[in-house]
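# Observations on the model geometry
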Amino acid sequence: MSFADEFTFDSKPWSSSEIKDKAGLEALAKKLNPTVGLWDPLGIAETSPETIGWFRHAEIKHGRVAMAAFVGYCVQSNGIHFPWNIQGWQGTPVVSFADIAAAGGPADQWDALSTPAKLQILGVIGFLEMWSETSVVLKADGQEHYVRGGKPGYFPKLSRSDEMAFPHPVPLNLWDPFGFTSKMTPERKEKALLAEVNNGRLAMIGIFGMISASKGLQVPGLDTVGIKPYAGEVMAPFAAGDASLPFVSGMLEKIGTYGY
């Protein structure tokens, strides 16, 4: 859910980009959780508006990733997959999504992907990160960077016809591709925007809980739901099958040496 819209605190209109001091964070925290309010052990509220914007954007972004990861982990853990092949063209070995799903849990499925497949995924993630951080792209949307007074959580349009348009048209945007939020009332938007932050926080706890359970750690509520164990290294993006990449062999040797 994008924070590109305005929402209201105590009948006062606040733009997300205007929440850049302790008073704004306190008002936001009370809306998110009236019982807890502002809990700020790192003292972020006492820092600069640029630092506050950076942390707010980081929380929103990581919450979105965690929500997608949580849903994906549940889907992959239940063997749900696309019914076609992931490769098998131009002489490459035939590998189906069913073959990947049969490798085990989500982490094992990642390890089962070919090196080119992993690089494609990481390349797309890198592009989306670069696109969202580029000031020229943001200004083309009439926005500013989140540490320069812009709206934390805003993701630039991918479908466009201006000077930032791609060589090949992109039919949908990453955020709200079908324009559902444009029909929301201001009150509904406020509720949805606040729910996104709370859901993102819960999802961050949830995905790490499932990963921890897959490594054999005791996680209350997840120990008995049948999460498949994972013998690999969750913090290592590449495994033995990716040894052809630079530095991967050395990384794997270090993992074996230090035991993590």
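The structure this text deals with has already been given above.
This one's a predicted model, so the numbers in the text were calculated from it and none came from an experiment. (Residues numbered from 1 in each chain as written. Predicted model: local features only at pLDDT ≥ 70, side-chain atom pairs only at ≥ 80, totals over all residues. Heavy atoms only, no water.)

Below, the discussion takes up the overall build of the protein chain. A count of helices and strands for the protein chain gives eight helices and four strands. Listing each helix as α and each strand as β along the protein chain from the N terminus yields β-β-α-α-β-β-α-α-α-α-α-α. For the protein chain, the C-alpha atoms occupy an extent of roughly 60 × 50 × 35 Å along the three principal directions. Out of the 260 residues in the protein chain, the part that is buried amounts to 32%. Long-range pairs, those at least 24 residues apart, make up 52% of the contacts in the protein chain with a sequence separation of at least 6. For the protein chain, the exposed surface amounts to about 16000 Å²; the carbon and sulfur share of it is 62%. Positive and negative side-chain charges in the protein chain, numbering 22 and 27 respectively, have mean positions lying 3 Å apart. (Helix = DSSP H or I, 4+ residues; strand = E, 2+ residues; numbered from the N terminus. Buried < 20%, exposed > 50% of the residue type's maximum accessible area, 1.4 Å probe, protein only. Contact = heavy atoms within 4.5 Å. Areas by Shrake-Rupley, 256 points an atom, 1.4 Å probe, with all protein chains shown as cover. Lys, Arg positive; Asp, Glu negative; His and termini not counted. Charge placed at Lys NZ, Arg CZ, Asp CG, Glu CD.)

As a further point, take helix α2 (residues 49-77). Taking 1.5 Å per residue, 29 residues should reach 42 Å; α2 reaches 41 Å between its end C-alpha atoms and fits that length. Residues of α2 that are buried: Ile52, Gly53, Arg56, His57, Ala58, Ile60, Gly63, Ala66 and Tyr73. On its buried side, α2 packs onto α1 (22-32), α4 (106-112), α5 (115-133) and α7 (186-214). Of the residues flanking the end of α2, it is Gly79, one or two places downstream, whose phi is positive at about 70°. (Expected span 1.5 Å × (residues − 1).)

Here Glu196 is to be found in helix α7. The exposure class assigned to Glu196 is buried, which follows from its relative accessible area of 6%. Each C-alpha atom, one on Glu196 and one on Arg64, is 8.0 Å from the other, the two residues being 132 residues apart in sequence.

We now examine the pattern of salt bridges. Tallied over the entire structure, the rule returns eight salt bridges. The salt bridge partner of Arg160 is Asp141, with a shortest N-O separation of 2.8 Å. Taken together, the positions of Arg160 in the loop between α6 (135-140) and α7 and Asp141 in the loop between α6 and α7 put the pair 19 residues apart, joining distant regions of the chain. Assigned by exposure class, Arg160 and Asp141 land together as buried. Residues joined in a network through salt bridges with shared partners are Asp141, Arg160 and Asp162. (Salt bridge = Lys/Arg side-chain N within 4 Å of Asp/Glu carboxyl O.)

Another aspect to go through is the packing of α2 against α7. α7 packs onto α2 with a crossing angle of 50° between their chain directions and a minimal axis gap of 7 Å. Looking at the two axes, α2 sits oblique to α7. When the axes of α2 and α7 are compared, the crossing they make is left-handed. Within the contact between the two elements, α2 uses Glu59, Ile60, His62, Gly63, Arg64, Ala66, Met67, Ala69, Phe70, Tyr73 and Cys74 and α7 uses Glu196, Val197, Asn199, Gly200, Arg201, Ala203, Met204, Gly206, Ile207, Met210, Ile211 and Ser214. Looking at the contact of α2 with α7, its residues break down into 13 nonpolar, six polar and four charged. (Axes fitted to C-alpha atoms, helices over the stretch in contact; angles between N-to-C directions. Parallel < 35°, antiparallel > 145°, perpendicular 65-115°, else oblique. Left-handed = near helix turned anticlockwise from the far one by under 90°. Nonpolar A, V, L, I, M, F, W, Y, C, P; charged D, E, K, R; others polar.)

Any functional reading would require information beyond the geometric quantities listed.
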